[in-house]
Amino acid sequence: MSALAELGSLSKKGSAGKGRAAATTKKDNKAAFIFLAPWIVGLVCITVGPMLMSLYLAFTDYNLIQDPNFIGFDNFTRMMGDERFWNSLGVTLTYVIVGVPLQLALALIVALALDKGLKGLAFYRSVFYLPSLLGSSVAIAVLWKQMFGTSGLVNQLLAMVGIHGPGWISDPSTALGSIILLHVWTFGSPMIIFLAGLRQIPTMYYEAAAVDGAGRLTRFAKITLPLLSPIIFFNLVLQIIGAFQSFTQAFIVSGGTGGPSDSSMFFTLYLYQRGFGQFDMGYASAMAWVLLIIVGAFTAINFYASKFWVFYDD
């Protein structure tokens, strides 16, 4: 009987312990939800809610004044015959395909130079990173517009060596190039990530390769690039997504027109014009979802292709 009584007592203690543990877990969960509440409210009200609303508006004719009128897929079919839509898509693709690789290449070159152990590394790192913080600002876009104007600083410097420069932002053949150059100039963010990745590569690999007689280019191609490929992939995905969403630079440099001759008409700028210039919010919402699909497709392609060139050292 005493043994049975002892077992019963232990069982009660165990049940009481489980009850206290469950109560503690429930209390911790409640505290976690309280701290997460502002983020959850922001996610629902600022992100998920507007996204679902824009998805609905994409299938409507809505001018911001009257009630939305459901029209099915008409907005998407209208895009097929919209020349400015296709032009803006082409301009944006050119911006992404040309600007992102050039930016990443410059970022990697600078990161390799800084990785050599320069004096004042923290200063150089801050200076090179600064354009990434300011590059998408209105002030820098205005400055860029002034620099590449007909009588801007760039043409003044060219005039000193006897070269008559064009109106870079007023010439359809060079307007997009000047904006791409601004994008390349903001290489600081990927450069910092590249530099962190380079610091993680063990030096013993380079030492072993040097002993075997490998030159700098061979060590870069056979050691640096493969071991840095996950960082390259990470930067590539981030910069492509960011480039597709570029708006401020084109808006300020072109004065909001996308000119000259729609040569700097980014997809986001055309979306803005249709939604807030022509009050065709249904069409603009449909364009926004097309952009989401395009960015998702590029991201999916990058993830699929990564298995052929990204090396994970595990």
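All values derive from a computational prediction rather than experimental measurement.

Rules of the game
- Residues numbered from 1 in each chain as written.
- Predicted model: local features only at pLDDT ≥ 70, side-chain atom pairs only at ≥ 80, totals over all residues.
- Heavy atoms only, no water.
- Helix = DSSP H or I, 4+ residues; strand = E, 2+ residues; numbered from the N terminus.
- Buried < 20%, exposed > 50% of the residue type's maximum accessible area, 1.4 Å probe, protein only.
- Contact = heavy atoms within 4.5 Å.
- Areas by Shrake-Rupley, 256 points an atom, 1.4 Å probe, with all protein chains shown as cover.
- Polar contact = N/O pair within 3.5 Å; in protein donor to acceptor, adjacent residues only side chain to side chain.
- Expected span 1.5 Å × (residues − 1).
- Bend = angle between axes of the 7 residues up to and from the residue.
- Phe/Tyr/Trp six-rings, centres within 6.5 Å; stacked < 30°, edge-to-face > 60°.
- Salt bridge = Lys/Arg side-chain N within 4 Å of Asp/Glu carboxyl O.
- Core = buried A, V, L, I, M, F, W, Y, C linked by side-chain atoms within 4.5 Å.
- Patch = residues over 30% accessible without salt bridge, like charges linked within 9 Å, V, L, I, M, F, W, Y side chains within 5 Å.

## What about the overall build of the chain?
Here is step 1: The helix and strand tally for the chain stands at 13 helices and two strands.
Here is step 2: Evaluated residue by residue, the chain yields a buried proportion of 36% over its 314 residues.
Here is step 3: Long-range pairs, those at least 24 residues apart, make up 69% of the contacts in the chain with a sequence separation of at least 6.
Here is step 4: Counting every atom, the chain has about 18500 Å² of accessible surface; 69% of that belongs to carbon and sulfur.

## Examining the side chain of S54
Here is step 1: For S54, the position within the fold is in helix α1 (residues 2-57).
Here is step 2: With a relative accessible area of 18%, S54 lands in the buried category.
Here is step 3: A distance of 2.8 Å separates the side chain of S54 from the backbone oxygen of M51, its partner in a polar contact.
Here is step 4: At 2.9 Å, the side chain of S54 forms a polar contact with the side chain of W289.
Here is step 5: Look past the residues within four positions of S54 in its chain and what remains in contact with it is S285 and W289.

## Looking at helix α10 (residues 216-244)
Here is step 1: Taking 1.5 Å per residue as the helical rise, α10 with its 29 residues ought to reach 42 Å, whereas the 35 Å between its terminal C-alpha atoms falls clearly short.
Here is step 2: The largest bend along α10 reaches roughly 55° and is located at S229, with the proline P230 sitting one to four residues downstream.

## Let's talk about the environment of D280
Here is step 1: Relative to the assigned elements, D280 resides in the loop between α12 (267-277) and α13 (281-309).
Here is step 2: For D280, a relative accessible area of 11% puts it in the buried group.
Here is step 3: Separated by 218 residues in sequence, D280 and Y62 have C-alpha atoms that sit 6.2 Å apart.
Here is step 4: Not counting residues up to four positions away in its chain, the partners in contact with D280 are D61, Y62, R78, R274 and G275.

## Quick notes on the environment of Q146
Here is step 1: Relative to the helices and strands, Q146 is located in helix α5 (residues 138-147).
Here is step 2: Spatially, the C-alpha atom of Q146 lies 9.5 Å from that of I169, the residues being 23 residues apart in sequence.
Here is step 3: Residue contacts for Q146: discarding those within four places in its chain leaves G152 and L153.

## Considerations on the side chain of Q103
Here is step 1: Within the element layout of this structure, Q103 appears in helix α3 (residues 83-114).
Here is step 2: With a relative accessible area of 1%, Q103 lands in the buried category.
Here is step 3: Here Q103 is in contact with H183, V184, T186, F187, P190 and Q239, once residues within four sequence places are set aside.

## Section: the packing of aromatic side chains
Here is step 1: Going through the model one piece at a time under the given rule, you end up with 17 aromatic pairs.
Here is step 2: Here the aromatic rings of F148 and W168 are separated by 6.4 Å at their centres, their planes lie at 90°, and the arrangement is edge-to-face. Taken together, the residues span a long stretch of sequence, with F148 in the loop between α5 and α6 (153-160) and W168 in the loop between α6 and α7 (175-185) at a distance of 20 residues.
Here is step 3: We classify W168 as partly exposed; its relative accessible area is 23%.
Here is step 4: Each residue in the set W144, F148, W168 and W185 is aromatic and connected to the rest through ring pairs, giving one cluster.

## Quick notes on the pattern of salt bridges
Here is step 1: Enumeration according to the criterion identifies five salt bridges in this entry.
Here is step 2: Taking the shortest distance from any N to any O, the salt bridge between R84 and D262 comes out at 3.0 Å. Highlighted residues: R84 in helix α3 and D262 in the loop between α11 (248-253) and α12, separated in sequence by 178 residues.
Here is step 3: Take R84: its relative accessible area is 29%, and that puts it in the partly exposed class.
Here is step 4: Connected via shared salt-bridge partners are R78, D82, R274 and D280.

## Describing unusual backbone geometry
Here is step 1: Following G259, the chain continues into P260 via a peptide bond in cis, with omega recorded as 0°.
Here is step 2: Tracing the backbone through its elements, the reader meets P260 in the loop between α11 and α12.
Here is step 3: The backbone of L64 shows a phi angle near 75°, a positive value even though the residue is not glycine.
Here is step 4: You can see L64 is positioned in the loop between β1 (60-61) and β2 (69-70).
Here is step 5: Looking at L64, the relative accessible area reads 36%, which means it is partly exposed.

## Quick word on the nonpolar core
Here is step 1: Counting residues in hydrophobic clusters, the biggest one holds 60 residues, and the most contacted among them are F85, Y95, F194, F266, F267 and M287.
Here is step 2: When contributions to this core are tallied by element, the ones reaching two or more residues are α3, α5, α7, α8 (188-199), α10, α11, α12 and α13.
Here is step 3: In contact with F267, other than residues within four places in its own chain, are F85, S88, L89, T92, M287, V290 and L291.

## Focus on a nonpolar patch on the surface
Here is step 1: Taken together, the side chains of F33, L36, W39, I40, L43, V44, V48, L52 and L55 define a hydrophobic patch exposed on the protein surface, amounting to about 830 Å² of accessible area.
Here is step 2: For L55, the position within the fold is in helix α1.
Here is step 3: Exposure remark for L55: the relative accessible area of 34% places this residue in the partly exposed category.

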